[in-house]
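The chain contents come next:
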Amino acid sequence: MEKYFDASYIWNAIPLLLPFLKVTFLVAGSSIVLGIFFGLLLAAAKLSSMKVLQKMANLYTTIMRCTPSIVLLFLVYYGVPALAENIGINLHAIETAFFVVVTFTLQFAAIMSEVIRSSYLAINKGQFEAAVSVGLTRFQAYRRIIFPQALVIALPNFGNAMIALLQEGALAYTIGLIDIVGKANLIIASNINAHALEIYIALAIVYWVLSIVIEKFFAMLEKFFGKGKITLETT
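Residues numbered from 1 in each chain as written. Predicted model: local features only at pLDDT ≥ 70, side-chain atom pairs only at ≥ 80, totals over all residues. Heavy atoms only, no water.

An unreviewed UniProt entry annotates the protein chain as Amino acid ABC transporter permease of Lysinibacillus mangiferihumi. Per UniProt, the protein chain carries the Subcellular location (unreviewed entry) text "Cell membrane". Recorded in UniProt under Sequence similarities (unreviewed entry), the annotation for the protein chain is "Belongs to the binding-protein-dependent transport system permease family." (UniProt positions renumbered as here; feature names shortened; annotations may be inferred.)

**Student:** Please clarify how the nonpolar core should be interpreted in this entry.
**Tutor:** Where a protein is soluble and globular, its nonpolar side chains tend to be buried together. Ranked by size, the top nonpolar core spans 41 residues in total, and within it L17, V100, F108, F158, I180, L203 and Y207 carry the most contacts. Listing elements by their share of this core, those giving two or more residues are α1 (8-17), α2 (21-47), α5 (96-121), α7 (138-168), α8 (180-190) and α9 (196-234). Take this core: its biggest share by element is 9 residues, from α9. (Core = buried A, V, L, I, M, F, W, Y, C linked by side-chain atoms within 4.5 Å. Buried < 20%, exposed > 50% of the residue type's maximum accessible area, 1.4 Å probe, protein only. Helix = DSSP H or I, 4+ residues; strand = E, 2+ residues; numbered from the N terminus.)

**Student:** Sorry if this is basic, but what is going on with the UniProt feature "domain: ABC transmembrane type-1" (unreviewed entry) in the protein chain here?
**Tutor:** The sites that UniProt annotates as "domain: ABC transmembrane type-1" (unreviewed entry) are residues 21-218. Helix makes up 81% of residues 21-218 and strand 0%, and the two end C-alpha atoms of the span are 20 Å apart.

**Student:** I tried to follow the side chain of T96 on my own but got confused; where do I start?
**Tutor:** Note on placement: T96 falls in helix α5. For T96, a relative accessible area of 17% gives the class buried. The residues contacting T96, other than those within four sequence positions of it, are Y77, I175 and L177. (Contact = heavy atoms within 4.5 Å.)

**Student:** Please explain helix α3 (residues 51-66) as it appears in this structure.
**Tutor:** Note: α-helices contain 3.6 residues per turn, so residues at a spacing of three or four share the same orientation. With 16 residues, α3 extends 22 Å from end C-alpha to end C-alpha; this agrees with the ideal 22 Å at 1.5 Å per step. Among the residues of α3, those classed as buried are Q54, A57, T61 and M64. The buried residues of α3 occupy an angular sector of 105 degrees when the element is viewed end-on, so they sit on one face. Among the exposed residues of α3, those pointing more than 90 degrees away from its buried face are K51, V52, K55, M56, L59 and C66. For α3, the elements touching its buried residues are α2, α4 (69-86) and α5. (Expected span 1.5 Å × (residues − 1). Arc of directions from axis to C-beta.)

Right under this line is the structure:
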């Protein structure tokens, strides 16, 4: 009689799952890079003196925060091609990964805009004024005084956002992307849904390891740049 739970399936599944991490990393990495870029633009709009830009950026952030990831994913995956078709553009042949990247870029940009905005506002503006008064240009003051300190403040939230994005990216399998989660579901299907628990435990172990590595990496970065901040403030 076959055992209901067989731990050997966990260790056998991990080598089958790991090659598909490259798809997960590609999607997450692209979303992070694009999200940071658009997040900077949103943060600049929130910090600008133009009320219209502030309201538009804040409205965008509110909408992204209030929309569940899976709902946004479906809206992008089904809605964007439908809208494009109305103006004569066919997007149905585009790779699924494209829509996943668009979805999580939109969400990550909203998160990053708040991280960047709050980090910038946490810096004492007197330091900027003092730097300019001693002869530094505005760009030099931002690059050498404001940015290093804002980076230290932003790192923990940035690390948490990256882990959250990695986990939210697991939803991509719902629209057919074969990443590590999609591969896990294929393995389960090939087993006729037997030993699904073991496969999901293997998947969880991979995500646990990734999350811990990212968390430790950002803790090291925070410690390293924190030393630079202390040196800067004591000179």
